[in-house]
Amino acid sequence: STLCTVTATQARRVAIFGGTHGNEMSGVTLVNLWTKNGAEIQRKAVEAVPFITNPKAVEKCTRYVDTDLNRAFTPENLSAPGGNNLPYEVLRAQEINRIFGPKGSPEAYDVIFDLHNTTSNMGCTLILESSKDYFNLQMMNYIKKAMAPASCLVLLNEHPLLKYSTSRSVAKHPVGLEVGPQPQGVLRSNIFEAMRVILKHALDFIELFNEGVEFPPCTVEVFRVLERIDYPRDANGNIIAMVHPNLQDCDWEPLNPGDPMFQTFDGKTIHYQGSGTVYPTFINEAAYYEKQQAFITTRRETLVASAIKKA
Ligand SMILES: CC(=O)N[C@@H](CC(=O)O)C(=O)O
Ligand SMILES: [Zn+2]
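Looking at an unreviewed UniProt entry, one finds the chain named Aspartoacylase, with Oreochromis niloticus as its source organism. According to the UniProt record, the Sequence similarities (unreviewed entry) comment for the chain is "Belongs to the AspA/AstE family. Aspartoacylase subfamily."

Laid out in structure tokens, this is it:
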């Protein structure tokens, strides 16, 4: 019940992943910085390990080399034989699973923060994979309050079909950080500093938890992934319209039935045809052209988290 305090073992082992996508420069740069000097990420009773997850992609400053690492942590991939004949990222996923997992096992790392940038105007976003992970929900509540009046939104991807097998999913408590807008291969100081501040608050929360602080029950507003919307295409699969100027950069703002959504090259407007208000995000993300995705729709929800305390 949400009235009981849930006890959890201390979150001692924490990893900070950067370069899961090699062209998302804030995470790559922060992880490289902290690898040289870890003072900033040190906390009492917390072992925080900075780690570049896709060094080959970082070197080439590309999203991936063979296949998207942030989709590669499936049971099939993680148990695939074949060694050096496997795609680079599948091999790398197996390696990461050995170091920080195994995924789903008691030996797995407690928390993994995976640092990403988006070309979309999403601001500070935290990504969760479960609405029932009270430790993570309490952490979200703590970070949101610590960041106020600046905003930090929570995207919940629990969708049975749209959920994917992320690098951070090897941990007991996976947390994605997604900060934008920042072009691929580019560092912007505001985006870099925003990501750094989120991580500071996240590590502070873990330190407090490990010191035995009890966090009372709380509610957290999240945006739950509903649907993936593709660009309009012709019979050959070629894109025939762009994100409409009224929608461009309007991540997290309500999109209502009948609102402009796309604009064709000859100036025609295509309207949103859904049945109710949704909150679009990842609008016109560069990396999602190859995934046939113009944006995703979400629904606002309030989740309840039990009190938590270290066992
Ligand atoms: C733009 C981008 O790479 N976004 C991430 C989101 C996530 O980490 O869940 C991805 O698609 O893997
Ligand atoms: Zn990314």
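On we go.
**Things to note about the coordination of the zinc ion (ligand 2)**
Listed as protein donors to the zinc ion (ligand 2) are His-21 (ND1), Glu-24 (OE), Glu-24 (OE) and His-116 (ND1); their distances from the metal cover 2.1 to 2.3 Å. As a motif over one chain, the donors of the zinc ion (ligand 2) read H-x2-E-x91-H. Residue His-21 is found in the loop between strand E2 (13–18) and helix H1 (25–36), and its partner His-116 is found in strand E4 (residues 111–117); the two are separated by 95 residues along the sequence.

**What about the packing of aromatic side chains?**
Tallying each qualifying case throughout the model produces 14 aromatic pairs. Ring centres of Phe-17 and Phe-100 lie 5.0 Å apart, and the angle between their planes is 75°; this geometry places the pair in the edge-to-face category. Here Phe-100 lies in helix H4 (residues 88–100) and Phe-17 lies in strand E2, a separation of 83 residues in the sequence. Taking relative accessible area as the criterion, Phe-100 reaches 2% and is therefore assigned buried.

**Observations regarding the site of ligand 1**
Inspection of the region around ligand 1 gives 14 residues, with Asn-70, Arg-71, Tyr-164, Arg-168 and Tyr-288 positioned closest. With respect to ligand 1, the side chain of Arg-71 contributes an N or O atom lying 2.8 Å from an oxygen atom. Separating an oxygen atom of ligand 1 from a side-chain N or O atom of His-116 is a distance of 3.5 Å. Across the complex, the protein chains shield 100% of the 330 Å² of accessible surface that ligand 1 would expose by itself.

**Observations regarding H4**
Taking 1.5 Å of rise per residue, 13 residues should cover 18 Å, and H4 covers 18 Å from first to last C-alpha, within 8% of that figure. Within the span of H4, buried status applies to Tyr-88, Glu-89, Val-90, Arg-92, Ala-93, Gln-94, Ile-96, Asn-97 and Phe-100. Buried-residue contacts for H4 involve E2, strand E3 (47–52), helix H2 (55–60), helix H3 (75–78) and E4.

About the thresholds
- Residues numbered from 1 in each chain as written.
- Chains lettered and ligands numbered in written order.
- Predicted model: local features only at pLDDT ≥ 70, side-chain atom pairs only at ≥ 80, totals over all residues.
- Heavy atoms only, no water.
- UniProt positions renumbered as here; feature names shortened; annotations may be inferred.
- Donors = N, O, S within 2.8 Å, 3.2 Å for Na, K, Ca; no water.
- Helix = DSSP H or I, 4+ residues; strand = E, 2+ residues; numbered from the N terminus.
- Phe/Tyr/Trp six-rings, centres within 6.5 Å; stacked < 30°, edge-to-face > 60°.
- Buried < 20%, exposed > 50% of the residue type's maximum accessible area, 1.4 Å probe, protein only.
- Near = heavy atom within 4 Å.
- Polar contact = N/O pair within 3.5 Å; in protein donor to acceptor, adjacent residues only side chain to side chain.
- Areas by Shrake-Rupley, 256 points an atom, 1.4 Å probe, with all protein chains shown as cover.
- Expected span 1.5 Å × (residues − 1).
- Contact = heavy atoms within 4.5 Å.

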